[in-house]
Amino acid sequence: MTKIRVLVVDDSALVRRLVTTALSGAADIEVAGVARDGLEAVRMVDELRPDVVTLDIEMPHLDGLGALTRIRDKHARLPVIMFSTLTERGATATLDALSRGASDYVTKPSNTGQIADGIAAVRDQLVPRIRALAGLRKLTPGAGGPIVRRERAGRTPPPGPVSALLIGCSTGGPDALARLLPRLPGDLGIPVLVVQHMPPVFTAMLAQRLDKVSQLSVREAAEGDEVCPGEVLIAPGDFHLRVRRGAGAVRVSLDQGPQENFCRPAVDVMFRSALEVWGGSALATVLTGMGQDGLAGARQLAAAGARILVQDEDSSVVWGMPGAVASAGLADDVLPLEGLADRIVGTVRRSHAA
């Protein structure tokens, strides 16, 4: 069996130990080397040619952002996973890294005093990402092989004008959103709800960044927010986002119910909730992401006649979530990221003109 070779980069000896120990338990992964700062990391990438790099953000000599920039200059497609802290500073640096081409990120354990807990936390976050980014993509445990797109058949006619745009994404999602949302016009005329798999603090910072570059107003959703045309509401980290209709308005409801697909917020939760409010008049879009969150909800939306678009494999960082929907025959179309905005706008405009 060919193993996935990982270069671990961190200036903390404890974190290096946590990561290397966590990875040593995976039979298909081996630690190709360890580096203590960004300069050493750049040199070792050239020497070792690893399959994946885990990269700390705050390091001496050359920090993670600087190292990432140099690595990307020579190795444009090498998967790089950033190690971040659950702080505003960590979130800012992580979003900077994702905008510079980092593939994904994991958060450092908050309590590294408990070694066993720290190792388990790193393993649970890191190993699936390494496997997905190294190309070992699986829709479900034990299901290998290529993901095959199926045409959507026997669709129920859409029930009138599009009422809301629903977007679900995970790995690679922040960059995809930063490229998609600015291309949606300010007069789109419908509300937009987004579930991006991210922890608290990160989602608030992401919303602030997207608001600066988008014609639509973008903010992190809060309990009781009215869902209005021209606004993009992003589910806050660690909270499911649902919508409910009452007293002539649609409002946001947030909760910390059980995780779904190992996620909170979960795309499936939002999709099901939106179905109760808008039925098949919603337009669902599934962007790049690991796993299959959104598949079950997309199946219910499709049965009600909702229009469903997904990002294609070539433009996705990981074609797990969109691939699951496409392979189930639920997508009306599978499009490159650069073509999704035009299709969304065209679909909304045509539905309202009919």
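Only a predicted model underlies this, so the values are computations on that prediction, with no experimental measurement involved.

Participant: How should I be thinking about the pattern of salt bridges in this particular structure?
Facilitator: Counted according to the given criterion, the structure contains 25 salt bridges. Between R179 and D175 there is a salt bridge, and its shortest N-O distance comes to 3.4 Å. Of the two residues, R179 and D175 are both situated in helix α6 (residues 173-180); the distance of 4 residues between them amounts to about one turn of the helix. Overall, the relative accessible area of 36% leaves R179 in the partly exposed class. With its nearest N and O atoms 4.0 Å apart, the salt bridge here joins E226 to R251. With a gap of 25 residues between them, E226 in the loop between β8 (217-220) and β9 (231-234) and R251 in strand β11 (residues 249-255) connect regions that are remote in the sequence. For R251, a relative accessible area of 30% corresponds to the partly exposed category. Several salt bridges converge on common partners, so that one network encompasses D175, R179, R183, E338 and D342.

Participant: Just to check I follow, could you spell out the pairing of strand β2 (residues 29-35) for this structure?
Facilitator: Looking along a regular strand, one sees side chains alternate from face to face of the sheet. Where strand β1 (residues 4-9) lies against β2, 6 bridges are found, and the strand directions are parallel. Bridged to L7 within β2 is G33. Between the parallel elements β1 and β2, the chain passes through helix α1 (residues 13-24) in a crossover that is right-handed.

Participant: Got a minute to help me understand the pairing of strand β5 (residues 104-107) in this structure?
Facilitator: Alternating residues of β5 divide into D104 and V106 and Y105 and T107, and every residue in both groups is buried. Here 4 bridges tie strand β4 (residues 80-84) to β5, and the two strands are oriented parallel to one another. Its bridge partner being in β5, F83 is matched across the sheet by V106. Between the parallel pair β4 and β5, the chain is carried across by helix α4 (residues 88-99), and the sense of this crossover is right-handed.

Participant: It is not clear to me how the packing of α6 against helix α11 (residues 337-353) should be interpreted in this structure. Could you clarify?
Facilitator: Two packed helices can be described by the angle between their axes and the distance between those axes. Look at α6 against α11: their axes get within 9 Å of each other, and the N-to-C directions meet at 50 degrees. When the interaxial angle is binned, α6 and α11 end up oblique. Once α6 is placed against α11, the crossing between them reads as right-handed. When α6 is examined against α11, the residues A176, R179 and L180 are found in contact with a partner set consisting of L337, E338, L340, A341 and I344.

Participant: Help me understand the sheet that holds strand β3 (residues 52-56), please; the structure alone is not making it clear to me.
Facilitator: With parallel pairing, the 5 strands of this open sheet are ordered in space as β2-β1-β3-β4-β5. Looking at the sheet topology across the chains shown, the edges are occupied by β2 and β5. Averaged over neighbouring strand pairs, the angle between their axes works out to 25 degrees when direction is ignored. Contacts between α4 and the sheet are confined to β4 and β5, with β4 contributing the most and set at about 170 degrees to the helix.

Participant: When you look at the packing of aromatic side chains in this model, what are you seeing that I'm missing?
Facilitator: Working definition: an aromatic ring pair is given by the centre-to-centre distance plus the angle between the planes. If you walk through the whole model with that rule in mind, you get 1 aromatic pair. Ring centres of Y105 and F202 lie 5.3 Å apart, and the angle between their planes is 15 degrees; on these two criteria the pair is classed as stacked. Of the two residues, Y105 sits in strand β5 while F202 sits in helix α7 (residues 202-213), which places them 97 residues apart along the sequence. On the accessibility criterion, F202 (0% relative accessible area) is buried.

Reading the values: the criteria
Residues numbered from 1 in each chain as written. Predicted model: local features only at pLDDT ≥ 70, side-chain atom pairs only at ≥ 80, totals over all residues. Heavy atoms only, no water. Salt bridge = Lys/Arg side-chain N within 4 Å of Asp/Glu carboxyl O. Helix = DSSP H or I, 4+ residues; strand = E, 2+ residues; numbered from the N terminus. Buried < 20%, exposed > 50% of the residue type's maximum accessible area, 1.4 Å probe, protein only. Pairing = 2+ DSSP bridges. Right-handed = clockwise from strand over helix to strand, strands pointing away. Axes fitted to C-alpha atoms, helices over the stretch in contact; angles between N-to-C directions. Parallel < 35°, antiparallel > 145°, perpendicular 65-115°, else oblique. Left-handed = near helix turned anticlockwise from the far one by under 90°. Contact = heavy atoms within 4.5 Å. Phe/Tyr/Trp six-rings, centres within 6.5 Å; stacked < 30°, edge-to-face > 60°.

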